[in-house]
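The chain contents come next:
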Amino acid sequence: DTEVTQTPKHLVMGMTNKKSLKCEQHMGHRAMYWYKQKAKKPPELMFVYSYEKLSINESVPSRFSPECPNSSLLNLHLHALQPEDSALYLCASSGGRAVYGYTFGSGTRLTVV
Amino acid sequence: AQSVTQLDSHVSVSEGTPVLLRCNYSSSYSPSLFWYVQHPNKGLQLLLKYTSAATLVKGINGFEAEFKKSETSFHLTKPSAHMSDAAEYFCVVPNQAGTALIFGKGTTLSVSS
């Protein structure tokens, strides 16, 4: 299995809702990442988990809360989002350091209304 | 600090003609370098990577890139464009700590029949 699976593919949520994005990989990768991508822009790093511990938080607002329950699973909990948070959220994993590249999921298209 | 500059925001070619997408890098040492492709409303797919082995790197779908240290370049080429090549292409480099990937601004490739 050489895939990163993200669910749901599309999500529409109100500004008062709580929702979660899910990411799963079964490649034995020990590093997992969340990226945010706005339209016509490159992906921007949000969080890095290494061996299930949060190692990088790129000054992301607290309305985004990551969680890594085990080495195969990564969640992003969303609460009280703003319309400007609407974007494609990409999950990725890697077997080690970033120099080896990442495997990306197909993303969750989030719309905040 | 590591960085990449994609020299063209948009490249248009006709089907069957060569493709050239340009990328220059900035690094204090020979870095790993990647090209990723993103089709509309999709995730990112690794096209090819350079990790200091051969300077000419062959990737998927007929793409290749040549690492030129003297020119600090890593341009992506394909001899003959296909309609299915129309997509966004990102040149990518790991950060200096090797903990995350840094994306160029992207080049949109359009292919006309």
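Residues numbered from 1 in each chain as written. Chains lettered and ligands numbered in written order. Predicted model: local features only at pLDDT ≥ 70, side-chain atom pairs only at ≥ 80, totals over all residues. Heavy atoms only, no water.

**Q** Got a sec to walk through the overall build of chain A? Specific residues and values, please.
**A** Helix and strand content of chain A: zero helices and eleven strands. Written out in order from the N terminus, the α and β elements of chain A read β-β-β-β-β-β-β-β-β-β-β. A compact globule built from 113 residues would reach a C-alpha radius of gyration of about 13 Å, and chain A, at 13 Å, matches this within 12%. Expressed along its principal axes, the backbone C-alpha trace of chain A runs to roughly 35 × 25 × 25 Å. Within chain A, buried positions represent 47% of all 113 residues. Summed over its atoms, the accessible surface of chain A is roughly 5600 Å², and 50% of this surface lies on carbon and sulfur atoms. Each charge class in chain A can be summarised by its mean position, and for the 13 positive and 9 negative side chains these summaries are 4 Å apart. (Helix = DSSP H or I, 4+ residues; strand = E, 2+ residues; numbered from the N terminus. Rg over C-alpha atoms; globule rule 2.2 N^0.38 Å. Buried < 20%, exposed > 50% of the residue type's maximum accessible area, 1.4 Å probe, protein only. Areas by Shrake-Rupley, 256 points an atom, 1.4 Å probe, with all protein chains shown as cover. Lys, Arg positive; Asp, Glu negative; His and termini not counted. Charge placed at Lys NZ, Arg CZ, Asp CG, Glu CD.)

**Q** Pulling in residues and values, what's your account of the overall build of chain B?
**A** Counting its regular elements, chain B contains zero helices and twelve strands. In sequence order, chain B lays out its α and β elements as β-β-β-β-β-β-β-β-β-β-β-β. Against the compact-globule benchmark of 13 Å for 113 residues, chain B has a radius of gyration of 13 Å, which places it among compact chains. Overall, chain B is about 45 × 30 × 20 Å in size when its C-alpha atoms are taken along their principal axes.

**Q** I'd like to hear about the interface of chain B and chain A, residue by residue, with values.
**A** Counting from both sides, the interface comprises 20 residues of chain B and, opposite them, 21 residues of chain A. Buried area between chain B and chain A, both sides added, is near 1500 Å², and the carbon and sulfur share of it is 57%. When residues of chain B are sorted by the area they lose upon contact with chain A, Leu44, Leu101 and Phe103 of chain B head the list and together hold 27% of the total. Where chain B packs against chain A, one counts zero salt bridges. Where chain B packs against chain A, one counts five residue pairs in polar contact (both at pLDDT 80 or more). The set of elements that each furnish at least two residues to the side of chain B that touches chain A consists of strand S5 (33-38), strand S6 (44-50), strand S10 (87-94) and strand S11 (101-103) of chain B. (Contact = heavy atoms within 4.5 Å. Buried area = accessible area lost by both parts, 1.4 Å probe. Salt bridge = Lys/Arg side-chain N within 4 Å of Asp/Glu carboxyl O. Polar contact = N/O pair within 3.5 Å; in protein donor to acceptor, adjacent residues only side chain to side chain.)

**Q** Describe the pairing of strand S9 (residues 87-94) of chain A, naming the residues involved and giving the relevant values.
**A** Residue and element names in this part refer to chain A. Among the eight residues of S9, eight are classified as buried, and the element is accordingly described as predominantly covered. Alternating residues of S9 divide into Ala87, Tyr89, Cys91 and Ser93 and Leu88, Leu90, Ala92 and Ser94, and every residue in both groups is buried. As defined by bridge partners, strand S4 (residues 31-37) adjoins S9 across seven bridges and the pair is classed as antiparallel. Bridge pairing in S9 links lysine 36 to tyrosine 89. In this structure, S9 lies alongside strand S11 (residues 108-112), joined through three bridges in antiparallel fashion. Looking at the pairing, leucine 88 lines up with arginine 109 of S11. As judged from the two bridges shared by S9 and strand S10 (residues 103-104), these two strands associate in the antiparallel manner. Across the sheet, the residue bridging to alanine 92 is phenylalanine 104, located in S10. (Pairing = 2+ DSSP bridges.)

**Q** How would you explain the layout of surface pockets if you had to name every residue and give the values?
**A** Each pocket or cavity is described by its volume, and for the largest pocket that value is around 490 Å³. Elements supplying a minimum of two residues to the lining of the largest pocket: S10 and strand S12 (107-112) of chain B. The leading source of residues in the lining of the largest pocket is S10 of chain B, at three residues. Across the lining of the largest pocket, the residue classes tally to seven nonpolar, eight polar and seven charged. Estimated volume of the second largest pocket: approximately 280 Å³. Mapped onto the lining of the second largest pocket, the elements with two or more residues apiece are strand S1 (4-7) and S10 of chain A together with S6 of chain B. Residue composition of the lining of the second largest pocket, grouped by class: six nonpolar, eight polar and three charged. (1 Å grid on protein atoms, 1.4 Å probe; cavity = no way out; pocket = protein on both sides within 12 Å on 5 of 7 lines; lining within 4 Å. Points joined across faces, edges and corners; volume = space filled by probe spheres on them. Nonpolar A, V, L, I, M, F, W, Y, C, P; charged D, E, K, R; others polar.)

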